[in-house]
Each structure stands twice: as C-alpha cells, then as structure tokens.
Amino acid sequence: MTDSILDKIKAYKLDDLAQRVADRPLAEVEAAASAADPVRPFAEALQRAALEGYGLIAEVKKASPSKGLIREDFDPADLARAYEAGGATCLSVLTDGPSFQGADDDLVAARGAVSLPVLRKDFLYEPYQVAAARALGADCILIIMASVSDAQAQDLEEAATRWGMDALIEVHNEAELERALLLQSRMIGINNRDLNTFETSLDVTKRLVRRIPGDRIVVSESGLTTPADLAEIARYGARCFLIGESLMRQDNVEQATRALIADPLRAGA
C-alpha cells in the first residue's frame, strides 16, 4: 500500500522537527513564547460570533497539495486586513512550506496586521511545536487526530493550555471523533476533506455533527464555497466555518468574505 499524502507530510515534518530542535533548544523557544504578545481568545470569539451570525475562520493559504498554487498575488498582511474588513472572526495561517508554500513569517505578518485571533495551521506532533507556535504569536493550534496518537493529542492539548492557547481538534470520521471527545478542548473541527484521498463532501459534517455534545463548538472545514453551503451546514447546528481556498481565489477578498457571511441563517432556524 502506497503512503497517503498525510503519511508523506508526517515523514518530512518529523525530519524538520528534529532539525529545528537541534538548531534551537526548547528553553530558547519557551523564552520567546513567554515574551510573545498576549493570547487573543480564539474559541470565545467564535462562540460569540455564532450567537447571531456565523463564526468564520478565514484562511491565509498560498497553495495546497491537491490544487497546487491557489493565489499568486500573496501578501499575508494584506490578505489578513481584507479578511478582517470583510467580517472574519478569526484567521488561520498555513505555515507548512513543502506542501502549502507557507512560512512562519506568514503568520507573524498576518497577525501583526490585524486584531483577530490566529490559528497556526500546521502538522504538530510535539509540545516543542506548540511553544514555537506561541513564540510566533499564534493564539490557537490545530490537532489533527488522523495524524497523532491519543497520547500525542493529549500532550499537544496540555501544552496549548499551558501557554493559554486554544486547540482546534480536527476529525474526519466517527472513530477520530470518539477520540477527540476524550480531550478537553471546546472546539471540534470536522474536515469534509479526506486527508488520505483529498475527496470532499459536506455530508461528513452532516453525519458527524449530531454526535457532538452541545457544549462543544463545531467548525466545519473544507468544501464550503457559497452562502448556501453555509446555510445548509447551519441547519445541522454548526455555525462556525474554516474557509480558505474559495476566498483565496477571489480578486476582491474583502468583498467576497463579506458576501459569504452577509445573510446568515437565523440561529435556531
């Protein structure tokens, strides 16, 4: 059986992590994390936005493994400002280089340009990476259940808590959701894209959301392109969304963001 895209990413990420640890000791990273700007509340912002409208995590993403280059005219600070002006609640910034053409500096630039909370979108396996995310200014990390063990997930979550950060726990199926619900984090991300095949279906959110307790914040991710898509998912009770590619492809990102969330399905409808 050939390795999946996720397996290949994990392999080079672990090599990269080993190099980073060798180049920069944990104590140095933790000192930088301690000196970073205060954490901006990520989950709280989403929860507040979803009471009446939608909680939108707008993603700064230059490329992807499945689609290649998404946006040639790529300025993280300008894009962050456009998202904020368009009404986004939070930002997600891709910092992986080999597969997404991202960089740590993209997060620094995007966060520095706005007042929104920022998720570091990357593939994390060790607490060292959580401290490194905080050192960059990240307010939230992503934990991808398909790529970590239960013990790793718990270690990552505990590290995020230690630094005052939130964690978005990402799942793709029932088995991963069961594991995710054993963690403490309020946010569960349902990725409609299978990270092994990269096929996308909104049915994934529709199927899994009914299994998630009401005290969790559900974030539907991937495959969302129109106001009708958001309304369709909101009817199932999920009012928070992570959207990147469809907005990244727009000439006027601010206008496209505003139009996407302008007419939210009324809460409780």
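Everything in this summary refers to the structure shown in the same document. (Residues numbered from 1 in each chain as written. Predicted model: local features only at pLDDT ≥ 70, side-chain atom pairs only at ≥ 80, totals over all residues. Heavy atoms only, no water.)

**Here we look at the packing of aromatic side chains**
Remark: the centre distance and the inter-plane angle together describe each pair of aromatic rings, the angle taken between the planes. Here the structure, examined in full by the defined rule, presents two aromatic pairs. Ring geometry for Y54 versus F241: centroids 5.2 Å apart, planes at 85 degrees, classification edge-to-face. Remark: F241 occurs in strand β10 (residues 240–243) and Y54 occurs in the loop between α3 (42–50) and β1 (55–60); sequence separation between them is 187 residues. For Y54, a relative accessible area of 6% translates into the label buried. Of the residues examined, F241 reaches a relative accessible area of 0% and is grouped as buried. (Phe/Tyr/Trp six-rings, centres within 6.5 Å; stacked < 30°, edge-to-face > 60°. Helix = DSSP H or I, 4+ residues; strand = E, 2+ residues; numbered from the N terminus. Buried < 20%, exposed > 50% of the residue type's maximum accessible area, 1.4 Å probe, protein only.)

**Some points on the pairing of β10**
The alternating pattern of β10 places C240 and L242 on one face and F241 and I243 on the opposite face, and all of these are buried. The pairing of strand β9 (residues 217–221) with β10 spans three bridges and is classified as parallel. Bridge pairing in β10 links V219 to C240. In the classification by handedness, the crossover that spans β9, the intervening helix α10 (residues 227–234) and the parallel β10 is right-handed. (Pairing = 2+ DSSP bridges. Right-handed = clockwise from strand over helix to strand, strands pointing away.)

**Side note on the packing of helix α4 (residues 76–86) against helix α12 (residues 253–261)**
The N-to-C vectors of α4 and α12 enclose an angle of 35 degrees; their axes lie 8 Å apart at closest approach. Along this stretch, α4 crosses α12, giving a crossing that reads as right-handed. When α4 is examined against α12, the residues L79, A82, Y83, A85 and G86 are found in contact with a partner set consisting of V253, E254, T257, R258 and I261. (Axes fitted to C-alpha atoms, helices over the stretch in contact; angles between N-to-C directions. Left-handed = near helix turned anticlockwise from the far one by under 90°. Contact = heavy atoms within 4.5 Å.)

**Some words on α4**
For an α-helix the count is 3.6 residues per turn, leaving residues at separations of three or four pointing the same way. All buried positions along α4 are accounted for by P76, A77, L79, A80, A82, Y83 and G86. At its buried positions, α4 is contacted by β1, β4 (90–94), α5 (104–113), β10, α11 (245–248) and α12. The N-capping residue of α4, defined by a side-chain oxygen 3.1 Å from the backbone nitrogen of A77, is D75. G87 occupies a position one or two residues after α4 and carries a positive phi of about 105 degrees. (Polar contact = N/O pair within 3.5 Å; in protein donor to acceptor, adjacent residues only side chain to side chain.)

**Quick look at the environment of S220**
Tracing the backbone shows S220 in strand β9. Given a relative accessible area of 0%, S220 falls into the buried group. At a separation of 2.8 Å, a polar atom in the side chain of S220 contacts the side chain of T205.

**Here we look at the pairing of strand β5 (residues 118–121)**
Here β5 shows a buried face lined by V118 and R120 and a second buried face lined by L119 and K121. Here β4 pairs with β5 via four bridges, running parallel. Across the sheet, L91 pairs through a bridge with V118, a residue of β5. Note on the crossover from β4 through α5 to β5: the handedness is right-handed. The sheet contact formed by β5 and strand β6 (residues 140–144) spans two bridges and is parallel. Bridge pairing in β6 links R120 to I141. Crossover connection from β5 via helix α6 (residues 127–136) to parallel β6: handedness right-handed.

**What about the sheet that holds β10?**
As summarised here, the arrangement of the eight strands in space is β1-β4-β5-β6-β7-β8-β9-β10, forming a closed barrel in which the pairing is parallel. Going from strand to strand, the sheet's axes swing by 25 degrees on average, the running direction of each strand aside. Contacts from α3 reach β1, β4, β5, β6, β7 (166–171), β8 (187–191), β9 and β10 within the one sheet, and its direction differs from that of β1 by about 130 degrees.

**Observations regarding the pattern of salt bridges**
Scanning the entire structure with this criterion turns up 23 salt bridges. Across the salt bridge formed by K121 and E59, the nearest N and O atoms sit 2.8 Å from each other. You can see K121 sitting in strand β5 and its partner E59 sitting in strand β1, a full 62 residues away along the chain. Both residues of the pair, K121 and E59, belong to the buried class. Of the charged contacts in the structure, one is a salt bridge between D122 and R120, with a shortest N-O distance of 3.9 Å. In terms of burial, D122 and R120 fall into one category: buried. Where salt bridges share partners, they join K13, D16, R20, D96, D104, R120 and D122 into one cluster. (Salt bridge = Lys/Arg side-chain N within 4 Å of Asp/Glu carboxyl O.)

Purely geometric numbers; function is a separate question.
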